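In case you want the letters, here they are:
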Amino acid sequence: MARPPRQHPGVWAPLLLLLLTGPAGCAASPADDGAGPGGRGPRGRARGDAGADEAVPRHDSSYGTFAGEFYDLRYLSEEGYPFPTAPPVDPFAKIKVDDCGKTKGCFRYGKPGCNAETCDYFLSYRMIGADVEFELSADTDGWVAVGFSSDKKMGGDDVMACVHDDNGRVRIQHFYNVGQWAKEIQRNPARDEEGVFENNRVTCRFKRPVNVPRDETIVDLHLSWYYLFAWGPAIQGSITRHDIDSPPASERVVSIYKYEDIFMPSAAYQTFSSPFCLLLIVALTFYLLMGTP
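Rules used throughout
- Numbering of residues starts from 1 in each chain and follows the order in which that chain's sequence is written.
- Local features are withheld for residues below a pLDDT of 70 in this predicted model, meaning they are given only at 70 or higher, and side-chain atom pairs are given and counted only at 80 or more; totals for whole chains, interfaces and linings count all residues.
- To obtain the side-chain values, all non-hydrogen atoms of the structure were included, while hydrogens and water were left out.
- Only strands that DSSP links by at least two bridges are regarded as paired with each other.
- Secondary structure follows DSSP: runs of H or I at least 4 residues long count as helices, runs of E at least 2 residues long count as strands, and numbering of each begins at the N terminus.
- The axes used here are C-alpha line fits, helices contributing only the stretch in contact, and every angle between their N-to-C directions lies in the interval 0 to 180 degrees.
- Contacts were defined at the residue level, with two residues in contact if any of their heavy atoms lie within 4.5 Å.
- Disulfides are defined as pairs of cysteine sulfur atoms found within 2.5 Å of each other.
- The classification of residues rests on relative accessible area computed with a 1.4 Å probe and restricted to protein chains. Under 20% of the type maximum is buried, over 50% is exposed, and intermediate values are partly exposed.

## What to know about the sheet that holds strand 5 (residues 158–164)
Moving on, step 1. Spatial ordering of the open sheet is given by 7-6-5-4-10, a layout of five strands whose pairing is antiparallel. Each edge of the open sheet is held by one strand with a lone partner, namely strand 7 (181–184) and strand 10 (226–232). The average undirected angle you get between the axes of adjacent strands in this sheet is 30°.
Moving on, step 2. For strand 4 (residues 143–149) and strand 10, the ladder comprises seven bridges, and the chain directions are antiparallel. Within strand 10, the position partnered with Val144 by the bridge is Trp231.

Right, dumping it as structure tokens:
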């Protein structure tokens, strides 16, 4: 059987090129240019059908239009602000004094009947798992602290302080008393720290482990200690001498496993409560009564 003559590829190449680029070109399909039978436009819409044109929005396919629409959708709020608002910061939860003596221990120093927002000094503690949560508050714009002491005197004490700095923040710092001088210790056992400065008061809350590796500057809180209470001004975020010469302290050692609500009157409210003053009042009263004719 005779084979058909072999076609040379060079014969058809110019013809294909001419068909693709010539005036006739490739005929557009009815779906592409709307020139199909019956004058239908894209997606079967009739030419000149205004309602149909409005029903199907047309978008510019340029990158600039796409970027503008994306920016409007992603970054502009309804009010037209260029950036979304920052999420709100959780406010500092107020210290509850109703729980004092029940689910936490409290110390109040100041006016009788004062609370965490009105006492000169306030401290609470409670166990949470393997930690002790402390809450401190004082009438100061500088710092408020609690010290853990073996003898009710300053010197060789583990101190936790909440310090209000120049940027308005309240930071939790760890100190060790060397005589009357507090030395900051870089090893800080505090965690879950939060603090606020409001109404000329420094208030803070933090947790600290009950058991810690043996260290001269950090005591084990499962043991009982005298608590030293102090507060005072700060200069550029550094603590200075406390406000009163003899800061108050707990009368006896404190156990974190025992919750009490202890009130200590400040100096302004101790005048008529001391035994000497009471004796003086009785003597004056007796003298006046005996001296009256």
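There is more to say after this.
## Quick word on the environment of Pro265
Moving on, step 1. Mapping Pro265 onto the fold places it in strand 13 (residues 261–265).
Moving on, step 2. Taking C-alpha positions, Pro265 is 8.1 Å from Arg108, a pair spaced 157 residues apart along the chain.
Moving on, step 3. The contacts of Pro265, once residues within four sequence positions are left out, are Tyr109, Gly110 and Gln270.

## Some points on the state of the cysteines
Moving on, step 1. Considering all chains together, one arrives at three disulfides under this definition.
Moving on, step 2. With a sulfur-sulfur separation of 1.9 Å, Cys114 is cross-linked through a disulfide to Cys119. Across the disulfide from Cys114 to Cys119, rotation about the S-S bond amounts to roughly 85°, and the bridge is consequently right-handed.
Moving on, step 3. Covalent S-S linkage joins Cys162 and Cys204, the inter-sulfur distance amounting to 1.8 Å. On the sign convention where negative is left-handed, the bridge of Cys162 and Cys204, at about 60° about the S-S bond, is right-handed. Remark: Cys204 occurs in strand 9 (residues 201–209) and Cys162 occurs in strand 5; sequence separation between them is 42 residues.
Moving on, step 4. Classification of Cys162 by relative accessible area gives buried; the value is 0%.
Moving on, step 5. We classify Cys204 as buried; its relative accessible area is 0%.
Moving on, step 6. Along the chain, the cysteines engaged in disulfide bonds are linked according to the scheme 1-2, 3-4, 5-6 when indexed in sequence order.

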